[in-house]
Amino acid sequence: MTNNLLFDFHVDKENNQIRVAKTFDAGLPMTWDAWTKPEYLDQWWAPRPYRVETKSMDFRPGGRWFYAMISPEDQRHWCVADYKSIKNLMQFTYLDSFADENGVLVPAFGSTHWTVDFSATNGSETTQVNILLQYESLEIMEKIIEVGFREGFSAAIGNLDELLSALKSNP
Amino acid sequence: MLNHWLEGYRAFWEARFAQLDHLLSTFKSKKNEA
């Protein structure tokens, strides 16, 4: 695996946007599948020690991905992605929201509009994915980032656990 | 405070992408074997 590929994370507080760019060491069709098929999304969407379980997926404009982000304590945070537009192997857009276990949106967090763009790079050997997250307001953006902070912190702890375990096996 | 949260949010994305990198690398290995 190539480790020096692009990862860029940019916050634009004036426009309530976060832009993320990442290059993956895989061709475009493979990368597209990883972002759009539940059997793959379940394997990577949640940073460990969280995990994702898809309840339903209907990947088409007007369709929905309904999934739970599950904590190590087995606490379920329900989320939905309501797909708005899909250009096969190029771009999809959706509204991302928190929900209850029945898929009813939780209004306190609002919805975030995601635009995910794919382009083949390096002679189709790699794929660049550009993500634009558009928040309804700075207040909502701060709230969601706060939740992300908690999850990010848990993920960092999980990674540290793995590292320590590996070090113990191979001192 | 926001900057502090952003560090965590960035870590969240990094951890998420690390798993996708791993998954894609597994795909490639399987494809090369086939």
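Further up the page is the structure itself.
Bringing the interface of chain A and chain B into the picture now. On the side of chain B, 25 residues touch chain A, which itself brings 38 residues to the contact. Roughly 3,100 Å² is buried in total at the junction of chain A and chain B, and carbon and sulfur atoms are behind 76% of that figure. The largest share of the area that chain A buries against chain B comes from Phe9(A), Met30(A) and Trp44(A), three residues that together contribute 20% of it. Where chain A packs against chain B, one counts two salt bridges. Across the contact surface, chain A and chain B share six residue pairs in polar contact (both at pLDDT 80 or more). Taken together, the elements giving at least two residues each to the side of chain A that touches chain B come down to strand E1 (7-12), strand E2 (17-24), helix H1 (28-36), helix H2 (38-44), strand E8 (126-134) and helix H3 (138-169) of chain A. Here the residues of the side of chain A that touches chain B are counted per class, giving 25 nonpolar, five polar and eight charged.

In this section: the nonpolar core. By size, the foremost hydrophobic cluster in this structure holds 48 residues, and its most contacted members are Trp35(A), Trp45(A), Ile131(A), Tyr9(B) and Trp13(B). The element contributing the most residues to this core is helix H1 (residues 2-33) of chain B, with ten residues. If sequence neighbours within four positions are ignored, Trp45(A) has contacts with Trp35(A), Val52(A), Trp65(A), Tyr67(A), Met69(A), Tyr94(A), Trp114(A) and Arg16(B). In terms of nonpolar packing, the next biggest core, distinct from the first, is built from six residues, Phe66(A), Ala68(A), Ile70(A) and Trp78(A) among them.

In this section: the sheet that holds E1(A). Residues and elements named next belong to chain A. An order of E1-E2-E8-E7-E6-E5-E4-E3 is seen for the eight strands of this open sheet, with the pairing classed as antiparallel. The outermost strands of the open sheet, each flanked by one partner alone, are E1 and strand E3 (51-57). In this sheet, adjacent strand axes meet at a mean angle of 20° when their direction is disregarded. Across six bridges, the pairing between E1 and E2 is antiparallel. Bridged to Val 11 within E2 is Ile 18. Against the sheet, H1 touches E2, E3, strand E5 (76-87), strand E6 (91-99), strand E7 (111-121) and E8, its axis set at about 165° to E7.

A few words now on the packing of aromatic side chains. Summed over all chains, the structure comprises 26 aromatic pairs over all chains. For the ring pair Trp35(A) and Phe17(B), a centre distance of 6.4 Å and an interplane angle of 55° mean the geometry is tilted. On the criterion of chain membership, the pair formed by Trp35(A) in helix H1 and Phe17(B) in helix H1 is interchain, its members lying in two chains. Judged by relative accessible area, which is 2%, Trp35(A) ranks as buried. Given the relative accessible area of 2%, Phe17(B) is considered buried. Here the guanidinium or amino end of Lys55(A) rests over the ring plane of Trp78(A), the centre of that ring lying 5.4 Å away. Sitting over the ring of Trp45(A), Arg16(B) keeps its end group 3.6 Å from the ring centre.

Once that is clear, we can look at H1(A). Burial of H1(A) is extensive: seven of the nine residues sit out of reach of the surface. When we look at burial in H1(A), the residues that qualify are Leu28(A), Met30(A), Thr31(A), Trp32(A), Ala34(A), Trp35(A) and Thr36(A).

Reading the values: rules and limits
Residues numbered from 1 in each chain as written. Chains lettered and ligands numbered in written order. Predicted model: local features only at pLDDT ≥ 70, side-chain atom pairs only at ≥ 80, totals over all residues. Heavy atoms only, no water. Contact = heavy atoms within 4.5 Å. Buried area = accessible area lost by both parts, 1.4 Å probe. Salt bridge = Lys/Arg side-chain N within 4 Å of Asp/Glu carboxyl O. Polar contact = N/O pair within 3.5 Å; in protein donor to acceptor, adjacent residues only side chain to side chain. Helix = DSSP H or I, 4+ residues; strand = E, 2+ residues; numbered from the N terminus. Nonpolar A, V, L, I, M, F, W, Y, C, P; charged D, E, K, R; others polar. Core = buried A, V, L, I, M, F, W, Y, C linked by side-chain atoms within 4.5 Å. Buried < 20%, exposed > 50% of the residue type's maximum accessible area, 1.4 Å probe, protein only. Pairing = 2+ DSSP bridges. Axes fitted to C-alpha atoms, helices over the stretch in contact; angles between N-to-C directions. Phe/Tyr/Trp six-rings, centres within 6.5 Å; stacked < 30°, edge-to-face > 60°. Lys NZ or Arg CZ within 6 Å of the ring centre and 35° of its normal.

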